[in-house]
Amino acid sequence: MFEPLRKKKRKVAHCDNVPSICPDKTEPELIHPYSTHSLMSSTGTIRQKIEAFLDNEAMINQKLPKELLLRIFSYLDIPTLGRCAQVSKNWNCLALDGSNWQDVDLFAFQTVIEGRVVENLSKRCGGFLKKLSLKGCENVEDRTLRIFSQNCQNLSQLNLFKCKKITDQTLSSLGKNSPLLSDLNINSCTHITDQGLQHLSQGCPFLSHLDMSWCENVTDRGIRHIAAGCPKIKHLLMKGMRKLTDNALEEIGKNCPSLVLLNLHKCGNITDEGVQHIAKGCNNLESLSLSECSELRDNSLHALALYCHSLRTLEVALCANLSDTGFINLAKSCPELERMDLEECILVSDKTLRYLSLHCVMLKELTLSHCELITDEGIQDLGFGSCATEHLSVLELDNCPLITDSSLEHLVGCRNLSRLELYDCQLITRQGIRRLQSRNSKLAIHAYFTPDTPQPSAGPAPRRLCPECNCTIL
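Residues numbered from 1 in each chain as written. Predicted model: local features only at pLDDT ≥ 70, side-chain atom pairs only at ≥ 80, totals over all residues. Heavy atoms only, no water.

Engineer: Quick question: what am I supposed to make of the overall build of the chain here?
Structural biologist: Across its full length, the chain carries 18 helices and 16 strands. Looking at the 474 residues of the chain, the share that counts as buried comes to 49%. Relative to all contacts within the chain whose residues are 6 or more apart in sequence, the contacts with residues 24 or more apart total 78%. Element-wise, carbon and sulfur atoms account for 50% of the exposed surface of the chain, whose accessible area totals about 23000 Å². (Helix = DSSP H or I, 4+ residues; strand = E, 2+ residues; numbered from the N terminus. Buried < 20%, exposed > 50% of the residue type's maximum accessible area, 1.4 Å probe, protein only. Contact = heavy atoms within 4.5 Å. Areas by Shrake-Rupley, 256 points an atom, 1.4 Å probe, with all protein chains shown as cover.)

And the structure:
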């Protein structure tokens, strides 16, 4: 009864070089309406739109120079480039031009990306490609990275986070073919060993950012290669590398004077001696994470206070042997501190808060969870300090059993405070929380009350749950 819409046949250049990225090439299904008039009207409209588009596409190619078209295409994301590559032969060449693929992030396709896709991408892009993220692409193997590094020798940034099949061979390929590499993420690549880091250090002298967290087979020897071969390193992340000792930190302190960020979270063999080596050799250090390095004592804090006056972030959660003495010395010498995590530093008391309020006027985030010696007096000092009134935005007081509603009154002047954690603070009441929140409507307070906590006489307010942790927001 009805004649189907006949579209003009046109040659379409298929995007064979990016098979897993391009959208499905099947034609969209036409939904037939109920009336004859509606169908005919719809058919005519579709035909007109197709013809207009084809005319416009031809006009665009004629009127605009190739350089301008390439500039327009450079703003498109990967799926859109893949679709444009199927419009026409001319657009295929424009969309797959290497200049449009200088910065490629394949994280969104991590479950389907196979080696041949990356290999074809490298052949298409060549020297244009400078930044590539294969984060979570667990199917990528050493062979793919070898071909990629051979074709894209101007690479400066490479993210291989959780590419669990790669081994030292990949680092050897990068060392041979990527002399401009400055940023490398091999976090959770558990097959990497000292030998791979040796190859990397021999061929990548400009490396400035290296994340090798949870590469559990790396030892002090591998760190020695990196420190000696990559003296320009600025950011070094080594979380969970349990085989490291103070000898590794000694090598870093000797050879990496430009270091500004160091993460040693869960490197349990580190002692005061290692931190002293870092403090002496890396005077520009701004961010240091020593959380769960349980062997540390106040001597580590004294060394940081003596040499690292530019320190902005310090994380020492679960370092139970650090005391007020070390933190007071640190507060006096490091006035630029902005973020401190002192969770379960059980020896910390109100004295530390007093000196932080006096000397660290830039403090923005402070974690005191499980610091059971903190009282209302310490919060009062903190609340009336310059840092609280001007900058403090996050304060975590979970499991501080001695603080009461009086502490909340002392925080009224913290006009930039946006998040307050009060889990299991048994002396805090709902009324105290509401009084504080009535004076700061933007403040999110996370709290949990046991059934024994007195309820307000007017009855409980409706519960609002935090989307992140499912706790009660008051």
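Picking up after the structure, the text goes on.
Engineer: It is not clear to me how unusual backbone geometry should be interpreted in this structure. Could you clarify?
Structural biologist: Even without being glycine, Lys162 reaches a positive phi, approximately 60°. For Lys162, the position within the fold is in the loop between β3 (157-159) and α7 (168-177). Classification of Lys162 by relative accessible area gives partly exposed; the value is 34%. Of note, the phi angle at Asn399 is positive, near 55°, even though the residue is not glycine. In this structure, Asn399 sits in the loop between β12 (394-396) and α17 (405-410). Relative accessible area serves as the criterion here: at 22%, Asn399 is assigned to the partly exposed category.

Engineer: I'm lost on helix α12 (residues 298-307) in this one. Help?
Structural biologist: Residues spaced three or four apart along an α-helix point in a common direction, a consequence of the helix completing one turn every 3.6 residues. Along α12, the residues classified as buried are Asp298, Ser300, Leu301, Ala303, Leu304 and Ala305. On its buried face, α12 is in contact with α11 (272-281), β8 (287-289), β9 (313-315) and α13 (324-333).

Engineer: Is there a simple way to explain the packing of aromatic side chains in this structure?
Structural biologist: Two aromatic rings are characterised by how far apart their centres lie and by the angle between their planes. As enumerated under the stated definition, the model contains one aromatic pair in all. Lys135 extends its terminal NZ or CZ atom over the ring of Phe107, reaching a point 5.0 Å from the ring centre. (Phe/Tyr/Trp six-rings, centres within 6.5 Å; stacked < 30°, edge-to-face > 60°. Lys NZ or Arg CZ within 6 Å of the ring centre and 35° of its normal.)

Engineer: Mind showing me how you'd approach the pattern of salt bridges here?
Structural biologist: Close approach of charged atoms lets side chains of opposite charge pair. Scanning all chains against the criterion turns up 16 salt bridges. Between Glu114 and Arg116 there is a salt bridge whose closest N-O contact spans 3.8 Å. A relative accessible area of 40% places Glu114 in the partly exposed class. The class for Arg116 is partly exposed, based on a relative accessible area of 44%. We note a salt bridge from Arg439 to Glu409, for which the minimum N-O separation is 3.7 Å. Taken as a pair, Arg439 in helix α18 (residues 430-439) and Glu409 in helix α17 lie far apart in primary sequence, 30 residues in all. In the salt-bridge network here, residues are joined through shared partners; they are Asp405, Glu409, Arg435 and Arg439. (Salt bridge = Lys/Arg side-chain N within 4 Å of Asp/Glu carboxyl O.)

Engineer: Is there a simple way to explain the packing of helix α6 (residues 142-151) against α7 in this structure?
Structural biologist: Between two packed helices, the angle of one axis relative to the other and the distance separating the axes together describe the packing. In the contact formed by α6 and α7, the axes pass within 9 Å of each other and the chain directions differ by 5°. Classified by the angle their axes make, α6 and α7 are roughly parallel. For the pair α6 and α7, contact is made by Asp142, Leu145, Arg146, Ser149 and Gln150 and by Gln169, Thr170, Ser173, Leu174 and Asn177, respectively. Residues of the contact of α6 with α7, tallied by class, amount to two nonpolar, six polar and two charged. (Axes fitted to C-alpha atoms, helices over the stretch in contact; angles between N-to-C directions. Parallel < 35°, antiparallel > 145°, perpendicular 65-115°, else oblique. Nonpolar A, V, L, I, M, F, W, Y, C, P; charged D, E, K, R; others polar.)

Engineer: Sorry if this is basic, but what is going on with the side chain of Ser289 here?
Structural biologist: Tracing the backbone shows Ser289 in strand β8. Within the structure, Ser289 has its side chain in polar contact with the side chain of Glu315 (distance 3.0 Å). Residues contacting Ser289, with those up to four places away along its chain left out, are Leu262, Asn263, Leu264, His265 and Glu315. (Polar contact = N/O pair within 3.5 Å; in protein donor to acceptor, adjacent residues only side chain to side chain.)

Engineer: Please clarify how the nonpolar core should be interpreted in this entry.
Structural biologist: Across soluble globular proteins, nonpolar side chains show a tendency to be buried alongside one another. Counting residues in hydrophobic clusters, the biggest one holds 126 residues, and the most contacted among them are Leu184, Ile186 and Leu422. When residues no more than four places from it in sequence are discounted, the contact partners of Leu422 are Leu397, Asp398, Ile403, Leu408, Ile428, Ile433, Ile445, His446, Ala447 and Tyr448. (Core = buried A, V, L, I, M, F, W, Y, C linked by side-chain atoms within 4.5 Å.)

Engineer: Whenever I open this one, the packing of helix α10 (residues 246-255) against α11 confuses me. Can you help?
Structural biologist: As a packed pair, α10 and α11 sit with axes 8 Å apart at the nearest point and diverge in direction by 5°. By the angle class used here, α10 and α11 are roughly parallel. Where α10 abuts α11, its residues Asp246, Leu249, Glu250, Ile252 and Gly253 lie against Glu273, Gly274, Val275, His277, Ile278 and Gly281. Class assignment for the residues of the contact of α10 with α11 results in four nonpolar, four polar and three charged.

Engineer: Looking at this model, I keep getting lost on the environment of His370. Mind explaining?
Structural biologist: The residue His370 is located in the loop between β11 (365-367) and α15 (376-383) in this model. We classify His370 as partly exposed; its relative accessible area is 25%. Remark: the alpha-carbon pair of His370 and Cys345, spanning 25 residues in sequence, is separated by 7.5 Å. Setting aside chain neighbours within four positions, we find His370 in contact with Glu343, Glu344, Ile346, Asp398, Asn399 and Cys400.

Engineer: Whenever I open this one, the environment of Leu443 confuses me. Can you help?
Structural biologist: Along the chain, the position of Leu443 falls in the loop between α18 and β14 (444-448). Given the relative accessible area of 3%, Leu443 is considered buried. The sequence separation of Leu443 and Val394 amounts to 49 residues, and the corresponding C-alpha distance is 9.7 Å. Discounting residues that sit within four places of it in the chain, Leu443 has contacts with Leu417, Ser418, Arg419, Leu420, Leu436 and Gln437.

Engineer: Sorry, what's going on with the environment of Ile252 here?
Structural biologist: Its place among the elements puts Ile252 in helix α10. C-alpha of Ile252 to C-alpha of Ala228: the two residues are 24 residues apart in sequence and 8.2 Å apart in space. If near-sequence neighbours (up to four positions away) are discounted, Ile252 is found in contact with Ile223, Ala227, Leu236, Met238, Leu259, Ile278 and Cys282.

Engineer: So what exactly am I meant to see when it comes to the pairing of β14 here?
Structural biologist: Working note: regular strand, side chains alternate between the two faces of the sheet. Of the strand pairs in this sheet, strand β13 (residues 419-423) and β14 are connected by five bridges, and their pairing is parallel. Bridged to Tyr423 within β14 is Tyr448. Each parallel crossover has a hand, and for β13 linked through α18 to β14 it is right-handed. (Pairing = 2+ DSSP bridges. Right-handed = clockwise from strand over helix to strand, strands pointing away.)

Engineer: Please clarify how helix α14 (residues 350-359) should be interpreted in this entry.
Structural biologist: Within α14 the residues assigned to the buried category are Asp350, Thr352, Leu353, Leu356 and Ser357. Around the axis of α14, the buried residues are gathered within 155° of arc, so they sit on the same side. Contacts made by the buried residues of α14 are with α13, β10 (339-341), β11, α15 and α16 (386-390). (Arc of directions from axis to C-beta.)

Purely spatial values, then, with no claim about function.
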